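# Fold and contact review
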Amino acid sequence: MKSNMEILDVGEVHVKRPSLMVTGGNGLVGSPIKCDIRTGSEFDLRNPHICDKLFQNNKPINVIHCAAKVGGLGGNMNLKGEFFYDNIMINTNVIESCRKYGIQKLVCFLSTCVFPDNIEYPLTEKKIHLGEPHTSNYPYAYAKRMADIQIRAYREQYNVNYVSVIPTNIYGPQDNFNLENGHVIPSLIHKCYLSKKNNTPFRIWGSGKPLREFIYSEDVAKLTEWVLENYNEEEPIILSTSEEVSIKDVVKLIVKHMDFKGEIIWEDDKPDGQFRKPSDNSKLMSYLPDFKFTSLDDGLKKTINWFVTNYESCRK
Ligand code: GFB
């Protein structure tokens, strides 16, 4: 006959809860985060029953929620309905499942495009809801803003420790390198790769003058792990280098790292999007004054190497 202790041991092993689940765990943002469970497109989180089952089956202690329908300027302009529906459903379901299954800490990803278009710069955590987002990506922006509202409401009613982060333009391995709908960096890396291979001009949208603050995905992962352990405020926290770079400068670096010597064409009939969206990272820096960001030069080099090595299998 088994002793009580043995039975208990078996029981403890059986009920052990995974410490951390990352939704969107195989994507640009989620893949560099260390965790016990990563979920990807095999779970359609737009569906409340599937989302509920995922939480019921795994019962994680903490959740980092990265899953989203994302894209660059093209994706946001071409797929407005999908960007709204998918994101509002995914966020609503995930945050509700966190409540239902007693998740101790949730870190939820917003994005700098949540901010109003017509607002005094720099962007700070206090300015999210002070006006309309830019017309190019308002469905995505409003859906993400609602995650901030849901978190605030749940904190007030259910006393949960859920927080959110606002990264600026993230880039790195595992991104979607789609030519039409991807973010600017992966799209331009892919375009440059094809132009070099096929000896055709490298075509860039817009004037090259817009400014962006790029942040490398591994830096976002490190900061998010810190947020999970240490940041407990209701107000979101901006994850940013607060260093603006023009699209023209990004193109110069891509051309250098890919050793492209062909013709560059600036397509001025294509959109520039928002001209700039400079953010204030002083809250982050007040917590982590010694944090060293990866330079755009190094991050681009790593991203390009990853893309070339994984060309056949990457998302594109
Ligand atoms: O990454 P991106 O598409 O989005 O960057 P946003 C757009 C900027 O890059 C514009 C220029 O100034 C474009 O004119 N650009 C040049 C290109 N060539 C290309 C190209 O081939 N593809 C793309 N995509 N852009 C994002 C949101 O807005 O902001 C995301 O779309 C996210 O959802 C992020 O919220 C923070 O920076 O305009």
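Residues numbered from 1 in each chain as written. Predicted model: local features only at pLDDT ≥ 70, side-chain atom pairs only at ≥ 80, totals over all residues. Heavy atoms only, no water.

Around the ligand, a shell composed of 24 residues is seen, among which Leu73, Ser111, Arg212, Pro271 and Asp272 lie nearest. In the environment of the ligand, an oxygen atom lies 2.7 Å from a nitrogen or oxygen atom belonging to the backbone of Leu73. One nitrogen or oxygen atom from the side chain of Asn76 is found 2.8 Å from an oxygen atom belonging to the ligand. Taken by itself the ligand offers 700 Å² of open surface, and the protein chains cover 98% of this. Here the shell around the ligand gets four residues from one element, more than from any other, and that element is helix α6 (residues 184-198). Its residues assigned to classes, the shell around the ligand comprises ten nonpolar, ten polar and four charged. (Near = heavy atom within 4 Å. Polar contact = N/O pair within 3.5 Å; in protein donor to acceptor, adjacent residues only side chain to side chain. Areas by Shrake-Rupley, 256 points an atom, 1.4 Å probe, with all protein chains shown as cover. Helix = DSSP H or I, 4+ residues; strand = E, 2+ residues; numbered from the N terminus. Nonpolar A, V, L, I, M, F, W, Y, C, P; charged D, E, K, R; others polar.)

Looking now at the confidence of the model for the chain. For the chain, the mean per-residue pLDDT works out to 94, and 95% of the residues sit at or above 70. Under a pLDDT of 50 for its full length, residues 1-11 has, in the predicted model, one contact with residues more than four places off or in other chains. (pLDDT = per-residue confidence, 0-100. Contact = heavy atoms within 4.5 Å.)

Under the criterion given, the structure shown has one cavity of 30 Å³ or more. Quantified by volume, the largest cavity comes out at close to 40 Å³. Thr112, Cys113, Phe115, Pro116, Leu123, His134, Asn137, Gln274 and Lys277 together form the lining of the largest cavity. (1 Å grid on protein atoms, 1.4 Å probe; cavity = no way out; pocket = protein on both sides within 12 Å on 5 of 7 lines; lining within 4 Å. Points joined across faces, edges and corners; volume = space filled by probe spheres on them.)

Moving on, we come to unusual backbone geometry. Along the chain, Tyr121 connects to Pro122 via a cis peptide bond; the corresponding omega equals 0 degrees. Looking at the secondary structure, you find Pro122 in the loop between β4 (105-109) and α5 (138-158). Backbone geometry at Asn199 places phi at a positive 55 degrees, although glycine is not the residue there. As for its placement among the helices and strands, Asn199 is situated in the loop between α6 and β7 (202-205).

The next thing to look at is the side chain of Asp175. Mapping Asp175 onto the fold places it in the loop between β6 (169-171) and α6. No salt bridge forms around the buried Asp175; measuring N to O, its nearest opposite-charge neighbour Arg315 is 4.9 Å away. Only 3.5 Å separates the side chain of Asp175 from the side chain of His183, close enough to count as a polar contact. Among all residues touching Asp175, those that are not within four sequence positions of it are Leu28, Ile170, His183, Pro186 and Arg315. (Buried < 20%, exposed > 50% of the residue type's maximum accessible area, 1.4 Å probe, protein only. Lys, Arg positive; Asp, Glu negative; His and termini not counted. Salt bridge = Lys/Arg side-chain N within 4 Å of Asp/Glu carboxyl O.)

Of the voids in this model, the second largest pocket is the one considered here, and its volume is about 190 Å³. Lining the second largest pocket are Tyr171, Glu213, Phe214, Ile215, Tyr216, Thr241, Glu243, Val245, Phe293, Thr294, Ser295 and Leu296. Ranked by residue count, the leading element in the lining of the second largest pocket is strand β9 (residues 214-216), at three residues. Each residue belonging to the lining of the second largest pocket can be placed in one class, and the counts come to seven nonpolar, three polar and two charged.

Moving on, we get to the packing of aromatic side chains. The tally for this structure, following the rule as stated, stands at 13 aromatic pairs. An angle of 25 degrees between the planes, with centres 4.6 Å apart, marks the rings of Phe177 and Phe307 as stacked. Of this pair, Phe177 sits in the loop between β6 and α6 while Phe307 sits in helix α10 (residues 296-309), and the two are 130 residues apart along the sequence. Neither Phe177 nor Phe307 differs from the other in exposure class; each is buried. Taken together, Phe177, Tyr193, Trp306, Phe307 and Tyr311 form an aromatic cluster joined through their ring pairs. The ring of Tyr158 is capped by Arg99, whose NZ or CZ atom sits 5.1 Å from the centre of that ring. One Lys or Arg, Lys248, reaches over the ring of Trp266 and ends 5.2 Å from the middle of that ring. (Phe/Tyr/Trp six-rings, centres within 6.5 Å; stacked < 30°, edge-to-face > 60°. Lys NZ or Arg CZ within 6 Å of the ring centre and 35° of its normal.)

This brings us to α10. Helix length check: α10 (14 residues) gives 20 Å between terminal C-alpha atoms against 20 Å at 1.5 Å per residue, within 8%. Listed as buried for α10 are Leu296, Gly299, Leu300, Thr303, Ile304, Trp306 and Phe307. Down the axis of α10, the buried set is contained in an arc of 160 degrees. They therefore lie on one face. Against β6, α6, β9, β11 (245-246) and α8 (247-257) lie the buried residues of α10. (Expected span 1.5 Å × (residues − 1). Arc of directions from axis to C-beta.)

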